[in-house]
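# Examining the three-dimensional arrangement
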There are 2 protein chains.
Amino acid sequence: METKEISQAVIGRLPRYFRYLGELKDEGIERISSQELSDIMKVTASQIRQDFNNFGGFGQQGYGYKVEYLYEEIGKILGMNQTHNLIIIGAGNLGQALANYMNFERRGFLFKGMFDNNPALFGKKIRDMEVKPMEELHDFVKENNIDIAVLTIPKTSAVAVAEQLVKDGIKGIWNFAHVDLNVPKEIQVENVHLSDSLMKLTYNIIRYEEENSISQ
Amino acid sequence: METKEISQAVIGRLPRYFRYLGELKDEGIERISSQELSDIMKVTASQIRQDFNNFGGFGQQGYGYKVEYLYEEIGKILGMNQTHNLIIIGAGNLGQALANYMNFERRGFLFKGMFDNNPALFGKKIRDMEVKPMEELHDFVKENNIDIAVLTIPKTSAVAVAEQLVKDGIKGIWNFAHVDLNVPKEIQVENVHLSDSLMKLTYNIIRYEEENSISQ
DNA sequence: AAAGGAATGTCAATTCATTGACATTATTTT
DNA sequence: AAAATAATGTCAATGAATTGACATTCCTTT
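These lines cover the structure that appears in this document, whether it is placed above or below. (Residues numbered from 1 in each chain as written. Chains lettered and ligands numbered in written order. Predicted model: local features only at pLDDT ≥ 70, side-chain atom pairs only at ≥ 80, totals over all residues. Heavy atoms only, no water.)

### Some words on the relation of the copies chain B and chain A
Superposing chain B onto chain A requires a rotation of 180 degrees together with a translation of 0.0 Å along the rotation axis, leaving an RMSD of 0.0 Å. Given the turn and translation reported, the copies of this chain are related as if by a two-fold rotation axis. Interface overlap between copies: 100% of the residues of chain B at the interface are likewise at the interface in chain A, consistent with a symmetric, same-surface contact. (Least-squares fit on C-alpha atoms with pLDDT ≥ 70 in both. Contact = heavy atoms within 4.5 Å.)

In structure tokens form, the structure reads like this:
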């Protein structure tokens, strides 16, 4: 079987397709063409077809795409048909918010534990899960087949914790700490750098204002 | 003055440069070459120079870049030398987490208010700021010169709220709702779709595992 | 069952982003 | 003060991503 690399540009668009297709499915729509999807999603029909073709193509010529089938297939590609054992490290506001906010379970993310080094939080229940001390983290990861660690701890400790998690056998890290982790390339890292995102927003706001004042 | 468009690819890298330069500055490092920065940040020196040149270039030939100067200049480009009035709409876990988590003020983001439609939350203080009912939102935005609205509300209401915010004169929206907002292009939107990010992570985990099992 | 129409899959062309190379210019050393 | 060195700024080349075009294939209608 040939292993052709699929670009992260394509991967980055899949969740959005998945979301729109889920909505179409919920609306009871059974079939859609790339052109119709293009109109709804505001991307070119050509890109949609090109993207899907990375995975062999899911449509029928002359007909279009079956919404439910396409939804399922993209879901499989994204691993939404599997379960993933997940822990949250850092039980501060953000960690708690993520634990509560996500309807993880609906997508196969099994919330297995929550860790912090603040004794005041030990035993506190978040989503029926007691916060455990950091000392227990590494054994827990090893013994419970944890796939994904969510890092919502300060950047000062994030790098070291990540390195240890790698040794414990973690497969992926969802990193909210404001630092770049230094892990082997076989460990997948997805960064969510919130302040970077906010800075992009301010750049674009300022840029728009400047453009306007120049043309006045 | 010429208005040359700077690609979002470049903008997206600026906050990371800003972060590394801030750290270098804090370490007391005064000068750095694109090659040294390249080694630290794991991007090509060519890209670094190319990126900076979009803004005219900040270095001195034969010398390199003055860390503090470069830090300040990139900060200005990102609007970090200005203040931005900001409100959070949706005082649930995520909204509260963002209010507490960010050291907004250090970067010029002035937290001006928090809104929700859950009466149980009205008056609750978050960061010395009482949660206000949604009814007061639109007048508040108009009267207090709000630049940025952070949307941490369910997707069902996000689209309508965003449309009204545009009428109220908002400039940018930091959108955590799991939906694409439909606003005029002069309004800047920065999406943080957390579950999209998590799906990318699972894709990459699965992909790595498949690659490995094939080569076994 | 055959003809016509519709929409995919795919190839080619174009646009955009990244990398490489080097002339130029400033700094540093002698 | 001059020569040597260092590193930028910039141009050209390469590579990647997106868009456009159309032949092929399947569906639908008659």
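### Thoughts on the sheet that holds strand β3 (residues 84-89) of chain A
Hydrogen bonding along the main chain pairs the strands of a sheet, whether they run parallel or antiparallel. Residues and elements named next belong to chain A. Read from one edge of the open sheet, seven strands run β5-β6-β4-β3-β7-β8-β9, paired in mixed fashion. Of all strands in the sheet, those bounded by a partner on one side alone are β5 (125-126) and β9 (188-191). Here four bridges tie β3 to strand β7 (residues 148-151), and the two strands are oriented parallel to one another. Bridge pairing in β7 links Leu86 to Ile148. Sheet strands in contact with helix α5 (residues 93-101) are β3, β4 (109-116), β5 and β7, and its direction is about 160 degrees off that of β4. Its contacts with the sheet put helix α7 (residues 155-168) on β3, β7 and β8 (172-175), and the angle it makes with β7 is roughly 175 degrees. (Pairing = 2+ DSSP bridges. Helix = DSSP H or I, 4+ residues; strand = E, 2+ residues; numbered from the N terminus. Axes fitted to C-alpha atoms, helices over the stretch in contact; angles between N-to-C directions.)

### Focus on the pattern of salt bridges
Enumeration over the complete set of coordinates arrives at 24 salt bridges over all chains. Linking Lys142 of chain A and Asp168 of chain A is a salt bridge whose minimum nitrogen-to-oxygen distance equals 4.0 Å. In this pair, Lys142 of chain A sits in helix α6 (residues 137-143) while Asp168 of chain A sits in helix α7, placing the two residues 26 residues apart along the sequence. On the basis of relative accessible area, Asp168 of chain A is assigned to the buried category, the value being 7%. Glu23 of chain B is the partner of Lys155 of chain A in a salt bridge, and the nearest nitrogen-oxygen pair spans 3.9 Å. With Lys155 of chain A in helix α7 and Glu23 of chain B in helix α1 (residues 8-26), this residue pair bridges two chains. (Salt bridge = Lys/Arg side-chain N within 4 Å of Asp/Glu carboxyl O. Buried < 20%, exposed > 50% of the residue type's maximum accessible area, 1.4 Å probe, protein only.)

### Describing the sheet that holds strand β5 (residues 125-126) of chain B
Residues and elements named next belong to chain B. In space, the seven strands of this open sheet follow the order β5-β6-β4-β3-β7-β8-β9, with mixed pairing throughout. At either end of the open sheet lies a strand with only one pairing partner, and these are β5 and β9 (188-191). Sheet strands touched by helix α5 (residues 93-101): β3 (84-89), β4 (109-116), β5 and β7 (148-151). Its angle to β4, the strand with the most contacts, is close to 160 degrees. Where helix α7 (residues 155-168) meets the sheet, its contacts fall on β3, β7 and β8 (172-175), and the angle it forms with β7 comes to roughly 175 degrees.

### Observations regarding the protein's contact with DNA strand C
Close to DNA strand C lie 25 residues, the nearest being Ser34, Asn53 and Gln61 of chain A together with Gln50 and Gln61 of chain B. The share of sugar and phosphate among atoms of DNA strand C within 4 Å of the protein is 61%. Between a base nitrogen of DNA strand C and a side-chain N or O atom of Arg49 of chain B, the distance comes to 3.2 Å. Mapped onto the surface near DNA strand C, the elements with two or more residues apiece are α3 (45-53) of chain A together with α3 (45-53) of chain B. Top contributing element to the surface near DNA strand C by residue count: α3 of chain B, with four residues. Partitioning the surface near DNA strand C into residue classes produces four nonpolar, 17 polar and four charged. (Near = heavy atom within 4 Å. Polar contact = N/O pair within 3.5 Å; in protein donor to acceptor, adjacent residues only side chain to side chain. Nonpolar A, V, L, I, M, F, W, Y, C, P; charged D, E, K, R; others polar.)

### Some remarks on the protein's contact with DNA strand D
In the region of DNA strand D, 26 residues are neighbours, and Gln50, Gln60 and Gln61 of chain A together with Ser34 and Gln61 of chain B sit closest. For DNA strand D, the fraction of atoms within 4 Å of the protein that belong to sugar or phosphate moieties is 61%. The separation between a phosphate oxygen of DNA strand D and a polar side-chain atom of Arg13 of chain A is 2.9 Å. Within the side chain of Arg31 of chain A, an N or O atom sits 3.3 Å from a phosphate oxygen of DNA strand D. At the level of secondary structure, the elements contributing two or more residues to the surface near DNA strand D comprise α3 of chain A together with α3 of chain B. Taken together, the residues that form the surface near DNA strand D break down as four nonpolar, 18 polar and four charged.

### Quick word on the environment of Glu105 of chain A
All names here are of chain A. Within the secondary structure layout, Glu105 lies in the loop between α5 and β4. In this structure Glu105 comes out as partly exposed when scored by relative accessible area, which is 40%. In this structure, the C-alpha to C-alpha distance between Glu105 and Leu121, residues 16 residues apart in sequence, is 24 Å. Among all residues touching Glu105, those that are not within four sequence positions of it are Leu110, Phe111 and Arg127.

### Some words on the interface of chain B and chain A
On the chain A side, the residues contacting the 63 residues of chain B number 64 residues. Here chain B packs against chain A, burying approximately 5,900 Å² in sum over the two surfaces, 64% of which is carbon and sulfur. Its largest share of buried area at the contact with chain A, chain B owes to Arg19, Met199 and Tyr203 of chain B, together 11% of the area lost on that side. Residue assignment for the side of chain B that touches chain A shows that the elements contributing at least two residues are α1, α5, β8, β9 and α8 (194-214) of chain B. Ranked by the residues each element gives to the side of chain B that touches chain A, the list is headed by α8 of chain B, at 18 residues. (Buried area = accessible area lost by both parts, 1.4 Å probe.)

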